[in-house]
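So you can see what is in the structure, the chains are spelled out below.
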Amino acid sequence: MPVPADGPWLDDAAGRLIRPYTVSGGRTRPTTALDLLTLVISTGSVPPAHFGPEHTQAVGLCQGPISVAEVAAHLKLPVTVSKILLSDLLDCGAITARPPDSFDNPTDRFLLEAVLDGLRRQL
């Protein structure tokens, strides 16, 4: 069976070959509360060797500030699983997190249009 460009963990017909709960070690909750808009960035520390390839990918994505939602999208994992991976990395000091800036009006039309525009560019 040919391996797609995304690597050996994905198959065109079957989808993801490794189940999300396996990636998170069967855990269902992160140790740190993370919002979708929380910004994470690498500290330069190397994560422990026992972490999986998804942890390594996440650290690679965090070279510059990136939101939890963006990390989940790039990893092609559910947000909850991504939060667990990121909380592991926070716990070992490989990344730091900054809570999102609070908005005075989260239903601000300008903000919602900017988010929609960004999502459209991703498709």
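Structure first, text after, so check above.
Attention here is on the structure that accompanies the text. Computed from a prediction, not measured in an experiment: that's the story for all the values here.

What counts and how
- Residues numbered from 1 in each chain as written.
- Predicted model: local features only at pLDDT ≥ 70, side-chain atom pairs only at ≥ 80, totals over all residues.
- Heavy atoms only, no water.
- Core = buried A, V, L, I, M, F, W, Y, C linked by side-chain atoms within 4.5 Å.
- Buried < 20%, exposed > 50% of the residue type's maximum accessible area, 1.4 Å probe, protein only.
- Helix = DSSP H or I, 4+ residues; strand = E, 2+ residues; numbered from the N terminus.
- Axes fitted to C-alpha atoms, helices over the stretch in contact; angles between N-to-C directions.
- Parallel < 35°, antiparallel > 145°, perpendicular 65-115°, else oblique.
- Contact = heavy atoms within 4.5 Å.
- Nonpolar A, V, L, I, M, F, W, Y, C, P; charged D, E, K, R; others polar.
- Pairing = 2+ DSSP bridges.

1. Some points on the nonpolar core
In summary, soluble globular proteins display a tendency toward joint burial of nonpolar side chains.
Next, step 1: If you look at the biggest cluster of nonpolar residues, it comprises 19 residues, and the most contacted ones within it are Val40, Cys62, Val71, Leu86, Leu89 and Ile95.
Next, step 2: Mapped by element, the contributors of at least two residues to this core are α2 (53-61), α3 (68-75) and α4 (79-91).
Next, step 3: Ranked by residues supplied to this core, first place goes to α4 with five residues.

2. Examining the packing of α3 against α4
Next, step 1: In contact at an axis separation of 9 Å, α3 and α4 are set at 110° when each is read in the N-to-C sense. By the angle between their axes, α3 is roughly perpendicular relative to α4. Along the contact surface, α3 presents Val68, Val71, Ala72 and Leu75, while α4 presents Val79, Ser82, Lys83, Leu85 and Leu86.
Next, step 2: Of the residues in the contact of α3 with α4, the class split is seven nonpolar, one polar and one charged.

3. With respect to the sheet that holds strand β5 (residues 95-98)
The strands making up a sheet associate through hydrogen bonds between their backbones, and the pairing can be parallel or antiparallel.
Next, step 1: As summarised here, the arrangement of the three strands in space is β4-β3-β5, forming an open sheet in which the pairing is antiparallel. Of all the strands in the sheet, the pair left with one neighbour each is β4 (66-67) and β5.
Next, step 2: Relative to β4, strand β3 (residues 39-42) is paired through two bridges, and the arrangement is antiparallel. Note that in β4 the partner of leucine 39 across the bridge is serine 67.
Next, step 3: Here α4 sits on the sheet and contacts β3 and β5; the angle it forms with β5, its principal contact strand, is near 110°.

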